[in-house]
Amino acid sequence: PLLRFSGSSLVCPQLRGPPDAALHDGLLSQYDGDSRSWQENYFVLLGDFTLRWFESEEALRKGCEPRGSTALSGYLLLSSPSEYAESLSRLCQGLAGGSPFADAPGEFLFFLYHPFRRHFCFCADSAGSRRIWRAALRDGIRYRSTELQRRDALEAEAFLEAVRFYRQERGRYGAGDLLLGPEPEILGNVLMEDLLPVLRSQVLPSIRGSERRRQQLWLQFLQEVYALILSEISSEFKGFQKEKERLQVELEKKIRPDLDQMLTLKEQIASKLQAVVQNPAESCCGWGVEPHLDCVMEELMRPVSSGVEAVRGLFAQRVDEMIGLVRSSSVAVLQKQLLTLGRTSWQPEVMQPCYEEADVYRESLRGLEERFSFRGVTSLVLGAQNLMQQLMQNATHTFQQLSQQRLGQAASRHQLPQMLGKAKERVLKKFDYDSSSLRKRFAQEWLVRIFLPFLLKHLESGCKLELPRYESFVFADFSGIINLENIYEETVLAALLQAVGKGEGGRVPRRTPGWKYPRSKYLQSPGRHCHFSVRG
């Protein structure tokens, strides 16, 4: 998609995809749990961030079938045996299996961990090789795990909200990192969340053998259960797509003729709910949220601001290097350098210093898990890194467009450095303007993600349980369209936004089209909006 100038900001519809070619390849030693030995395989990270491995590079060149492959969605990249052992300990509660692998062939270890899929224990032949592989795999994990969050579509957002409501009906607030990956994997994660306690109590005690053997069998069992669930869900989800289109058409036919009546009814119900919910919600904000707002806002702003500044510095540095080459090179070299610049956002090792700034969240927000039951730090880190990549992509793309214009305007090659310098300053000015508002909006959105589940949980017994009293207000014909729980959450959210506004000098944050969570589904009529949700 072409980036365009729009008033005072740069607009890019969405993050463009990675290049088609393989992103990285090379030899790695991999631990095989069945033979309990290390084997050398040739790994390739494809442009769609699928990881494949072959017997050798020659097998790849000959077109042989890979030994295996995996999508990277939902994985965690761990850097040390102790981190991996800690993750295993949480997953294998009650089992003391010790180190899951034999002596490694070297010291440059790293791990791909997923609670319900195959684990990968790698050993690179050098620190440089490990650094490059880790940067590439991090990019792949982020891209595949945030597939729905990057998809600018109401359908994706409706799906995520449906999963959230499903969990809230079971008393689980704040879906956190369960909402990473494509739709079937998210549904599989939620189902495994329900199943895991049952499997631990009923299956784990029946597994016999040494502690290490029991650990191995337990992990294999979980992987087989998840694979079976994922296969079934994927098949059913694919079949549902055609039915979904039919249901959507039917829903639109029901809504359009009675839109004004639905709007009026929704406003009446919202007014009645507000009288019941507003005071308890404001009280809960007063003692549970407002004392922590400034501190949490500062902790949210600091890493993303440092990362954005690193992106700005990296962009300026690469443009300066290119301008230096232009002084002694031809226009053809400039064209080649512009293409290279455009690929910066998809060069993991180059972008890694920027992305590492977001990793600070893992430590700085650790206390939120205990106080507010916030378990979405990985989603927060990946979201901040997506923002950094988007800003780099916008900046390089805009500079490319402006530079192409300057090439046609320059009377001689000697004028190009000065003209490119002006283009750079113009892009940086836009970058500063856009990044300032995007950083603040990012932090505000995550304030809502952190505190709204906390409020909803504490208000459940006193307010949410009152919702059935208002069901009689919804006409039978509108019962599948106007949703009381959505209207209730809007009231709670308004109280939270008011509290956030107090922390910003009394200015209530504006609900923008980019507000991702929770965001209303709006049906538009002239000058009016209505909040609906399709259930089921």
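All of these numbers come straight from a predicted model, not from anything done at the bench.

### Section: the packing of helix α6 (residues 183-202) against helix α7 (residues 211-255)
Put simply, α6 and α7 touch, their axes get as near as 9 Å, and they point 140° apart. Between α6 and α7, the interaxial angle falls into the category oblique. The way α6 lies across α7 gives a crossing that is right-handed. In this structure, α6 uses Glu183, Pro184, Glu185, Leu187, Gly188, Asn189, Leu191, Met192, Leu195, Leu196, Leu199 and Arg200 to contact α7, whose residues at the interface are Trp218, Phe221, Leu222, Val225, Tyr226, Ile229, Leu230, Ile233, Ser234 and Phe237. For the contact of α6 with α7, the class distribution of residues is 16 nonpolar, 3 polar and 3 charged.

### Digging into the sheet that holds strand β3 (residues 24-32)
Here we have 7 strands laid out as an open sheet, ordered β6-β5-β4-β3-β9-β8-β7, and antiparallel in their pairing. Of all the strands in the sheet, the pair left with one neighbour each is β6 (68-71) and β7 (76-78). The sheet shows a mean angle of 35° between the axes of neighbouring strands, taken without regard to direction. Pairing of strand β8 (residues 108-113) with strand β9 (residues 120-124) involves 5 bridges; the strand directions are antiparallel. The residue of β9 that forms the bridge with Leu109 is Cys123.

### Concerning the pattern of salt bridges
Evaluation of the coordinates by the stated rule reveals 27 salt bridges. We note a salt bridge from Arg151 to Glu147, for which the minimum N-O separation is 3.1 Å. With relative accessibility at 31%, the residue Arg151 sits in the partly exposed group. Glu193 is the salt-bridge partner of Arg172, the closest N and O atoms lying 3.4 Å from each other. With Arg172 in the loop between α5 (154-168) and α6 and Glu193 in helix α6, this residue pair connects regions lying 21 residues apart in the sequence. A residue is classified by how much of its surface remains accessible, and Arg172, at 27% relative accessible area, is partly exposed. Each of the salt bridges in this network shares a partner with another, and the network as a whole consists of Arg167, Arg172, Glu193 and Asp194.

Reading the values: the criteria
Residues numbered from 1 in each chain as written. Predicted model: local features only at pLDDT ≥ 70, side-chain atom pairs only at ≥ 80, totals over all residues. Heavy atoms only, no water. Axes fitted to C-alpha atoms, helices over the stretch in contact; angles between N-to-C directions. Helix = DSSP H or I, 4+ residues; strand = E, 2+ residues; numbered from the N terminus. Parallel < 35°, antiparallel > 145°, perpendicular 65-115°, else oblique. Left-handed = near helix turned anticlockwise from the far one by under 90°. Contact = heavy atoms within 4.5 Å. Nonpolar A, V, L, I, M, F, W, Y, C, P; charged D, E, K, R; others polar. Pairing = 2+ DSSP bridges. Salt bridge = Lys/Arg side-chain N within 4 Å of Asp/Glu carboxyl O. Buried < 20%, exposed > 50% of the residue type's maximum accessible area, 1.4 Å probe, protein only.

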